[in-house]
Amino acid sequence: MKLPLRWLNEFVRTDLDTAELCHRLTMAGLEVDAVEERGAGLNGVVVGKVTATRAHPDADRLTVCEVDAGEGTPATVVCGAANVRAGIRVAFARDGAVLPDDRRIGRAEVRGVESAGMLCSEAELGIAEQSDGIMVLPGRTPLGADVAELLGLRDTIIEVSITPNRGDCLSILGLAREVALVTGGRLREPKVRLKESGGACGDAVSIRIEDERCRRYAARIVRGVKIGPSPLWLRLRLQAAGMRSVNNVVDVTNFVMLERGQPLHAFDLAKLARPEVVVRAAAKTKAIQTLDGVVRALDPDDLLITTGDEPIAIAGVMGGADSEVSAETVDLLLESAWFAPATVRRTARRLDLHSEAAYRFERSIDIGGVASALDRAAAMIAELAGGSVAPGMVDVYPGEREADPIELRPSRATELLGCSVSGAQARKVMKALGARVDKGAGGALSVTVPTYRTDLEREIDLIEELARVIGYDEIPTELPSRPLMAGSLPERIRMERSIRQSLQAAGMSEAVGLAFASPDTNRILPGVNVAGRAVRLLNPITQEEPELRRSILSTLLAMWRHNRNQGATAIAGYSVGKAYWHEGVAGEGWRLGGVLAGEMPSIGLGARRAPELGDLKGILETLFEQRRVLADVAWRPGTEWKSLHPGKSATIELGGAVLGVIGALHPDAEVELDVDGAHWLFEIDLDRLAAHSTPAVRFHGLPRYPAVQRDLAVVVASEFESDQISRFVREWNRDLVEEVELFDEYVGSPIAPGKKSLAYSIAYRAADRTLTDEEVNGLQEHLVLALEKHFDVEHRQ
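Just so we're clear, the structure is a prediction, and the values are computed from it rather than from any experiment.

**Considering the overall build of the protein**
Broken down by element type, the protein carries 21 helices and 39 strands. A globule of 797 residues ought to have a C-alpha radius of gyration of about 28 Å, yet the protein, at 40 Å, is considerably larger. For the protein, restricting intrachain contacts to residue pairs at least 6 apart in sequence, the fraction spanning at least 24 positions comes to 69%. Of the accessible surface of the protein, which amounts to about 39600 Å², a share of 49% is contributed by carbon and sulfur atoms. Charged side chains of the protein number 94 positive and 115 negative; the gap between the two group centres comes to 5 Å.

As structure tokens, this is what we get:
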């Protein structure tokens, strides 16, 4: 927000220099981004009077002028402007003058005639982008006066960064309130002097609000206006605030918006199809041509201003071309309204229409200032465009009520701020904010905040205002006295830290990225919840990624693809985050994903080599062991993911449900995802893993008696899962079976085709005695019988 100090001084006077004012604004939460000294380079341009003119003796289009600058002897100036004539007062750049573009003016001979300076146009003074002739000043302008001072071309512009919750500061008045607050100055609001005549406004137009996203809509009629250029002072004001001049009516609406923060819009009353304005959702209205001449497709939820069935504006965003004010406009309908910030923000982003008006509506405007801004604009238009304001306004304000008071306890403010805040001090600050303050119960204050402070909703907001006004520098630096208490991290955070440590110890690096994905990526990588559908964004950051990711692997592979394009040759990466899906309602889950690709120097102790399934499986087994669920995890060949290689993938189960997937990316998927070479990846449902984890470590005493080792070999079908026997043996005798480990898998003679031999090492141990060979041999025989009964296996001697 640009704050010209000349304009600010009309609202509040301050003796502070610019640097101190900027410091106080910044300390009050309004950070100053920049300070511009406008017109500082303009020097030596004074008011002169053209006393006589004659044709140039050697140029048809040049005029020789005699210019009196109040110094006695007139100066001779050669001028090429068509509008120069005797008797007018002009901006005269004397010998030695400097213009805003750093051009220095000196004496020069022009086609044989010496010129002692230059007569300036508005463009040359930096007032306008282009000019048709020299600038003509009013007839009573004092000769010799400094043009820069006379016209207010020298000004200090402070650019203030406004946070999204302080929409009240997006105006000169709003910033003036803040300056008055931090300096103790007296605020002066301009008085509106409105003269009304003619037929009543209410007889000419009616207003109907059909959508609650418009809480207030007011309108006035100004008849008999004459559209034309704005006076110089108004054009300069807009220019100083960063806006360009259009015409007197549009400039007034922009001026009032800058002054009071209330966006306004002017319609050509004669172009309205019916004398009725309706605020409603677009519904079946498909499109509108906006002021920029573009036909905009509408969403059914967009908020429109209509007359009859015809849309005349997109509420809070941009007006329609069909009701635009033009040079032929005579009668105006002025609009001042309050629209829901979220509605304006959503529509403006979808249509990529970002205006000064939408910017203010998005941050919430003062609903209590709707009518006063309308009166201000109507009075100015009547003054500058020659119109007459119709008596009364149509102001539809359903549900109008006073804001609920907020209880403010000085004792609570003292406790939170760490400095003493008395009731009298709190009352003074609240009144300085424009609030009404009454006595509350138990020494508290009952504070009713003004309508323009939409950010003040709770007691803590008022305490923050106390800190701002008292001054953060005034709060002493003291350590608060608190009882010493032990703290602990939530289990989820501890689990994430443990997972990161485990994967980093395995040589993997974490990748963190955005949760957006393309439809193709979501189709290829469906996530653990395969049945879910993708969640589509209403306002995606990019059109290439309009959906939330179903799998965290989509982010991981996208980042790997980017790094590979920058010259990386391998990845051992993982990512922890959310995945999203839709099954009737939107859902989200906590996920862990990992990828291995390229020649990995960090896996194993040997030379660089390509990763294998065993590398990835080993990493996960270590993780599952740390979470104490490894014995309950099952690995099932194949997955529902069509993007994984059917012979090199598995589904990981825990507690009878899918925990995750692991495997090699299918070659077709590698092409679609634009990643070359073999890629081994996994995705784990951390919500399910957390539900089955045993975070507490249980310690047991060291065994007092030795274990007895026995080997067991069985012949099974080639597709038989070796893990089935491991789990069966552990459950068969939990008291005596300590450990089961597969140590060999053999295929070939003398094993029959379609069969394989699996060899397991089993450790038996009793807690109260040493097991004898006879006991162990008996256990082994019973185990073989149990296996042959439960599975289609053959004991191999």
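Having seen it, we continue.
**Quick look at the domain arrangement of the protein**
Its domain assignment divides the protein into domain 1 (2-39 + 155-183), domain 2 (43-151), domain 3 (201-396), domain 4 (406-474), domain 5 (491-691) and domain 6 (708-796). On a C-alpha basis, the centres of domain 1 and domain 6 stand 82 Å from each other.

**Some words on the pattern of salt bridges**
Taken as a whole and assessed by the stated rule, the structure comprises 63 salt bridges. Of the charged contacts in the structure, one is a salt bridge between R111 and D58, with a shortest N-O distance of 3.6 Å. Taken as a pair, R111 in the loop between strand 7 (108-110) and strand 8 (113-115) and D58 in the loop between strand 3 (43-55) and strand 4 (63-68) lie far apart in primary sequence, 53 residues in all. As a salt-bridge pair, D375 and R220 come within 2.7 Å of each other at their nearest N and O atoms. Residue D375 is found in helix 10 (residues 370-385), and its partner R220 is found in strand 13 (residues 214-223); the two are separated by 155 residues along the sequence. The class of D375 is buried, set by a relative accessible area of 19%. Taken together, the salt bridges that share partners define one network made up of R166, D168, E178, R453, D455, E465 and R468.

**Looking at the sheet that holds strand 25 (residues 436-439)**
The sheet built from 3 strands is open, its strands ordered 24-26-25 with antiparallel pairing. Two strands bound the open sheet, and with one partner strand each, they are strand 24 (406-408) and strand 25. Ignoring strand direction, the axes of neighbouring strands in this sheet form an average angle of 35°. Bridge count between strand 25 and strand 26 (residues 445-448): 4 bridges; the pairing is antiparallel. Within strand 26, the residue paired with V437 across the bridge is V447.

**Focus: the sheet that holds strand 35 (residues 679-685)**
Strand order across the open sheet formed by 7 strands is 27-30-31-35-34-33-32, with mixed pairing between neighbours. The sheet terminates laterally at strand 27 (509-510) and strand 32 (633-637), the two strands that pair on one side only. Sheet topology note: the strand 27/strand 30 (residues 571-583) ladder contains 2 bridges and is parallel. Opposite S509, over in strand 30, you have G573 as the bridge partner. Strand contacts of helix 14 (residues 491-505): strand 27, strand 30 and strand 31 (585-597), with the helix running at about 140° to strand 30, the strand carrying the most contacts. Sheet strands touched by helix 17 (residues 613-626): strand 31, strand 32, strand 33 (644-654), strand 34 (657-665) and strand 35. Its angle to strand 35, the strand with the most contacts, is close to 25°.

**Looking at the packing of helix 12 (residues 423-432) against helix 13 (residues 459-470)**
Taken N-terminus to C-terminus, the directions of helix 12 and helix 13 make an angle of 90°; their axes are 10 Å apart at the nearest point. Considering their axes alone, helix 12 and helix 13 lie roughly perpendicular with respect to each other. Here Q425, A426, V429 and M430 of helix 12 lie close against helix 13, whose contacting residues are L462, E465, L466, V469 and I470. Looking at side-chain class alone, the contact of helix 12 with helix 13 contains 7 nonpolar, 1 polar and 1 charged residues.

**Observations regarding the side chain of T448**
Among the structural elements, T448 can be located in strand 26. Apart from residues no more than four positions distant in its own chain, T448 is found in contact with E402, A403, P405, A435 and R436.

**Regarding the state of the cysteines**
For the structure on display, the rule yields 0 disulfides. For the unlinked cysteine C201, the closest cysteine sulfur is that of C214, found at 16 Å.

**Looking at helix 7 (residues 248-260)**
For helix 7, spanning 13 residues, the distance from its first C-alpha to its last is 18 Å, which sits close to the expected 18 Å at 1.5 Å a residue. Within helix 7, 12 of the 13 residues are buried, which leaves the element mostly enclosed by the surrounding structure. N248, V249, D251, V252, T253, N254, F255, V256, M257, L258, E259 and R260 are the residues of helix 7 that are buried. One side-chain oxygen of the residue at the start of helix 7 lies 3.1 Å from the amide nitrogen of V249, identifying that residue as N247. Just beyond helix 7, the residue with positive phi is G261, at close to 80°.

**Examining unusual backbone geometry**
The peptide bond linking S749 to P750 adopts the cis configuration, its omega dihedral lying at 5°. With respect to the helices, strands and loops of the structure, P750 is situated in the loop between strand 37 (737-746) and strand 38 (755-764). In the Ramachandran plot, A283 falls in the positive-phi region, its phi being about 50° despite a non-glycine side chain. Counting through the fold element by element, A283 comes out in the loop between strand 15 (276-281) and strand 16 (287-289). Phi angles above zero are rare outside glycine, and D352 is one such case at about 55°. Note that D352 resides in the loop between helix 8 (341-351) and helix 9 (356-362).

**A few points about the packing of aromatic side chains**
All chains considered together, the criterion is met by 6 aromatic pairs. Residues F339 and F361 carry aromatic rings whose centres are separated by 5.2 Å and whose planes lie at 55° to one another, so their mutual orientation is tilted. Separated by 22 residues along the polypeptide, F339 in strand 21 (residues 332-339) and F361 in helix 9 bring together distant segments of the chain. Given the relative accessible area of 1%, F339 is considered buried. The rings of W7, W233 and F255 are connected pair by pair, giving a single aromatic cluster.

**With respect to the environment of H692**
Considering the arrangement of structural elements, one finds H692 in helix 19 (residues 686-692). Considered as a pair, H692 and Q289 are 403 residues apart in the sequence and their alpha carbons are 59 Å apart. Polar side-chain contacts of H692 include one of 3.1 Å to the backbone oxygen of R688.

**Let's talk about the pairing of strand 34**
The element strand 34 is extensively covered by neighbouring structure, given that 7 of its 9 residues are classed as buried. Direction of pairing for strand 33 relative to strand 34: antiparallel, over a ladder of 7 bridges. Paired with T651 across the strands is V661, a residue of strand 34. Strand direction decides the pairing type here: strand 34 and strand 35, joined by 5 bridges, are antiparallel. Looking at the pairing, A664 lines up with W680 of strand 35.

**Comments concerning the pairing of strand 32**
Examined bridge by bridge, strand 32 and strand 33 share 5 bridges and lie antiparallel to one another. Considered in strand 33, the bridge of W635 is made with I652. As consecutive antiparallel partners, strand 32 and strand 33 are separated by 6 residues, and within that stretch G638 has a phi angle of approximately 80°, a positive value.

**What to know about helix 13**
For helix 13, which comprises 12 residues, the first-to-last C-alpha distance of 16 Å matches the rise-based estimate of 16 Å (1.5 Å per residue) to within 8%. Of all 12 residues that make up helix 13, 9 are buried, and the element is covered over most of its length. Buried residues of helix 13: E459, D461, L462, I463, E465, L466, A467, R468 and I470, and no others. Packed against the buried residues of helix 13 are helix 4 (172-183), strand 24, helix 11 (410-417), helix 12 and strand 26. Just past helix 13, the residue G471 takes up positive phi, approximately 110°.

Cut-offs used in this document
Residues numbered from 1 in each chain as written. Predicted model: local features only at pLDDT ≥ 70, side-chain atom pairs only at ≥ 80, totals over all residues. Heavy atoms only, no water. Helix = DSSP H or I, 4+ residues; strand = E, 2+ residues; numbered from the N terminus. Rg over C-alpha atoms; globule rule 2.2 N^0.38 Å. Contact = heavy atoms within 4.5 Å. Areas by Shrake-Rupley, 256 points an atom, 1.4 Å probe, with all protein chains shown as cover. Lys, Arg positive; Asp, Glu negative; His and termini not counted. Charge placed at Lys NZ, Arg CZ, Asp CG, Glu CD. Domains from an automatic or database assignment. Salt bridge = Lys/Arg side-chain N within 4 Å of Asp/Glu carboxyl O. Buried < 20%, exposed > 50% of the residue type's maximum accessible area, 1.4 Å probe, protein only. Pairing = 2+ DSSP bridges. Axes fitted to C-alpha atoms, helices over the stretch in contact; angles between N-to-C directions. Parallel < 35°, antiparallel > 145°, perpendicular 65-115°, else oblique. Nonpolar A, V, L, I, M, F, W, Y, C, P; charged D, E, K, R; others polar. Disulfide = S-S within 2.5 Å. Expected span 1.5 Å × (residues − 1). Polar contact = N/O pair within 3.5 Å; in protein donor to acceptor, adjacent residues only side chain to side chain. Phe/Tyr/Trp six-rings, centres within 6.5 Å; stacked < 30°, edge-to-face > 60°.

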